[in-house]
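# Breakdown of the fold
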Amino acid sequence: MNDAAQSRRGTWIAVAAFVIWGLMPLYWHLLREVPSLQIVLHRAIWCAILVAAWLTLRHGRGWLRETIAQPRLAGMLALSGVLIAGNWSLYVWAVNSGHVVEASLGYFINPLLNVVIGVLFLRERLSPPQWIAVALAACGVAWLTFNYGSFPWIALCLAGSFALYGLIRKFAAVEAVKGLGVENLFVFGPALLALAWFELRGGGGFFSLRWGGITDVLLVMGGALTAIPLICFAYAVRRVPLTVVGLLQYIGPTLQLLLGVFFFGEAFGADRAAGFGFIWAGLVIFAVDGYLQARRRIVAQQA
């Protein structure tokens, strides 16, 4: 597969990941009876088990040994595992505590951080229309931040942790699913111990079925729901410029915002509407510029 085809495929896979993330608050809302921390612990445990089982069936038991044998790579994946676990914890808590709109703000800020990283540290370049798109999005995020009414610590922590996660996975020279499997195994042990502590002290409800069998099934399936978009993201981020990935990520928070307002009934006044308007205007410019560039490449190849 040539570079153009890989980039195109990576772009569509990135879009799929962000759509899943955008709709994910609906899934965690089904688990609102379960404490947020325990949702995250189950999410980490079942994601690690499912991914490790799949890798073992496909590659044998050597997949883990091959990765761990590279200390630098193992260290990068350990750090990315900690970052994504922290991001999960804050995100699930925010959704089930009535902060879906602020969580969406965090994921609006995150792509801007990716763009800044891509331009400043990875020597990626933007076309003039893309600079305009980024500037409009930055104005929108600044407006939302300064008119939010309180310091948006949830949004900023979500944005920072996921931006660092994406940067590490950009340079971690490992196949997407293997990388996910290793980084999850680093948090598997602590998550299992913490969950056992809750269960033994009577604070859990998984093994006692206190939350119901359907809830237990949803907790297990949450591992797969976690793995799929992360695999897609890790695959895409190694094949698509970080600036493109950064702007595509607005898909997820836009869906989260719509859910927060229309499904969860959170406040969305004129100030927030103005900020999001800047962001969406930037996205339109970016999309049109991307379409025109693709058309020009096709014409050039046919000439």
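Let us look at the structure shown here.

A count of helices and strands for the protein chain gives 12 helices and 0 strands. Along its sequence from the N terminus, the protein chain presents helices and strands in the succession α-α-α-α-α-α-α-α-α-α-α-α. Over its C-alpha atoms the protein chain spans a radius of gyration of 20 Å, differing by no more than 12% from the 19 Å that the globule rule assigns to 303 residues. Over its C-alpha atoms, taken along the principal directions, the protein chain stretches across nearly 65 × 50 × 30 Å. Sorting the 303 residues of the protein chain into buried and exposed places 49% on the buried side. Look at the contacts in the protein chain between residues 6 or more apart in sequence, and 86% of them connect residues 24 or more apart.

With that out of the way, let us pick up the packing of aromatic side chains. Applying the stated criterion across every chain yields a total of 10 aromatic pairs. The interplanar angle of 80 degrees and the centroid separation of 6.4 Å between the aromatic rings of Tyr107 and Phe162 together place this pair among those described as edge-to-face. On the criterion of sequence distance, the pair formed by Tyr107 in helix H5 (residues 100-120) and Phe162 in helix H7 (residues 153-171) is long-range, its members being 55 residues apart. You'll find Tyr107 and Phe162 in the same group, each marked buried. Centre to centre, the rings of Phe263 and Phe264 are 4.9 Å apart; their planes meet at 80 degrees, and the pair counts as edge-to-face. Phe263 gets classed as partly exposed once you look at its relative accessible area, which sits at 46%. A residue is classified by how much of its surface remains accessible, and Phe264, at 23% relative accessible area, is partly exposed. The structure contains a cluster of three or more aromatic residues connected by ring pairs, namely Phe18, Trp21, Tyr91, Tyr107, Phe162 and Tyr165.

A few words on the state of the cysteines. Under the criterion given, the structure shown has 0 disulfides. Its sulfur unpaired, Cys232 is 12 Å from the next cysteine sulfur, which belongs to Cys47. Using a relative accessible area of 16% as the deciding quantity, one classes Cys232 as buried.

So, about the packing of H5 against helix H6 (residues 128-146). Running from N to C, H5 and H6 cross one another at 140 degrees; their axes reach a closest spacing of 10 Å. In terms of axis orientation, H5 runs oblique to H6. At the point where H5 passes H6, the crossing takes the left-handed sense. Every residue of H6 that contacts H5 at Leu105, Phe108, Ile109, Leu112, Val115 and Val119 is listed here: Trp131, Val134, Ala137, Ala138, Val141, Leu144 and Thr145. For the contact of H5 with H6, the class distribution of residues is 12 nonpolar, 1 polar and no charged.

Before going further, it helps to spend a moment on the side chain of Asn87. The topology assignment puts Asn87 in helix H4 (residues 71-96). Within the structure, Asn87 has its side chain in polar contact with the side chain of Tyr107 (distance 2.8 Å). Polar contacts involving the side chain of Asn87 include one to the main-chain carbonyl oxygen of Leu158, which spans 3.1 Å. The contacts of Asn87, once residues within four sequence positions are left out, are Tyr107, Leu158, Ser161 and Phe162.

Next up on the list: the pattern of salt bridges. One pass over the structure, following the stated rule, counts 2 salt bridges. The partner of Lys178 in a salt bridge is Glu66, with the nearest N and O atoms 3.7 Å apart. Placement of Lys178 in helix H8 (residues 176-200) and of Glu66 in helix H3 (residues 62-68) is noted, with a sequence separation of 112 residues between them. Assessed through its relative accessible area of 16%, Lys178 is described here as buried.

Parameters and conventions
Residues numbered from 1 in each chain as written. Predicted model: local features only at pLDDT ≥ 70, side-chain atom pairs only at ≥ 80, totals over all residues. Heavy atoms only, no water. Helix = DSSP H or I, 4+ residues; strand = E, 2+ residues; numbered from the N terminus. Rg over C-alpha atoms; globule rule 2.2 N^0.38 Å. Buried < 20%, exposed > 50% of the residue type's maximum accessible area, 1.4 Å probe, protein only. Contact = heavy atoms within 4.5 Å. Phe/Tyr/Trp six-rings, centres within 6.5 Å; stacked < 30°, edge-to-face > 60°. Disulfide = S-S within 2.5 Å. Axes fitted to C-alpha atoms, helices over the stretch in contact; angles between N-to-C directions. Parallel < 35°, antiparallel > 145°, perpendicular 65-115°, else oblique. Left-handed = near helix turned anticlockwise from the far one by under 90°. Nonpolar A, V, L, I, M, F, W, Y, C, P; charged D, E, K, R; others polar. Polar contact = N/O pair within 3.5 Å; in protein donor to acceptor, adjacent residues only side chain to side chain. Salt bridge = Lys/Arg side-chain N within 4 Å of Asp/Glu carboxyl O.

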